[in-house]
Amino acid sequence: MKKNLLIAAGLFSFVLGSIGAILPILPTTPFLLLSGYCFARSSEQFDQWLKQTKLYKFYCADYVETRTIPRNKKWKIFINIIILMAISIFLAPMLAVKIMLGFLTVFITIFLFFAVPDKKGSKTTKQD
């Protein structure tokens, strides 16, 4: 029963992550990481399948394997964060929510550039 629930949750989060790759309102990486977590604990077959998908390789493989992110990919992530958070802050109805979103943006940026190490010796590729 638990195995089936984890597989269902993994598939659902993969679908959401796939939609997030197209629509900027859904985050791709957290859903793909959740899929990986669910599949790793439920099905080796689904886990292997996920790790072979282009989405997983592009968004998650570097971090999962090396716990690092190439600097140029960090900058692309940062630009997306700024654009999406600026839209969210602009559309937020209350000042308190705008302030919290501003703090969240600062926290995510600090975490991205100072807590997650840069991948050493990485060269720019078309995938990055």
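These lines cover the structure that appears in this document, whether it is placed above or below. (Residues numbered from 1 in each chain as written. Predicted model: local features only at pLDDT ≥ 70, side-chain atom pairs only at ≥ 80, totals over all residues. Heavy atoms only, no water.)

### Considerations on the packing of helix 1 (residues 2-22) against helix 2 (residues 28-40)
When two helices pack together, their arrangement is given by the angle between the helix axes and by the axis-to-axis distance. The contact between helix 1 and helix 2 brings their axes to 8 Å, and the two run at 160°. With respect to helix 2, the element helix 1 is oriented roughly antiparallel. Note that helix 1 runs across helix 2; the crossing there is left-handed. Contacts between helix 1 and helix 2 involve L6, I7, A9, G10, L11, S13, F14, L16, G17, G20 and A21 from the former and T28, F31, L32, L34, S35, C38 and F39 from the latter. Across the contact of helix 1 with helix 2, the residue classes break down as twelve nonpolar, six polar and no charged. (Axes fitted to C-alpha atoms, helices over the stretch in contact; angles between N-to-C directions. Helix = DSSP H or I, 4+ residues; strand = E, 2+ residues; numbered from the N terminus. Parallel < 35°, antiparallel > 145°, perpendicular 65-115°, else oblique. Left-handed = near helix turned anticlockwise from the far one by under 90°. Contact = heavy atoms within 4.5 Å. Nonpolar A, V, L, I, M, F, W, Y, C, P; charged D, E, K, R; others polar.)

### Describing the nonpolar core
Among the nonpolar cores identified, the biggest contains eight residues, and these are I69, I81, M85, A92, L101, L112, F113 and V116. By residue number, the principal contributor to this core is helix 7 (residues 95-115), which donates three residues. With residues up to four places along the chain from it excluded, the contact list for I69 reads Y63, K74, I77, L112, V116, P117, D118 and K119. One finds F14, F39, C60 and A61 within the second-largest nonpolar core, a separate group that totals seven residues. (Core = buried A, V, L, I, M, F, W, Y, C linked by side-chain atoms within 4.5 Å. Buried < 20%, exposed > 50% of the residue type's maximum accessible area, 1.4 Å probe, protein only.)

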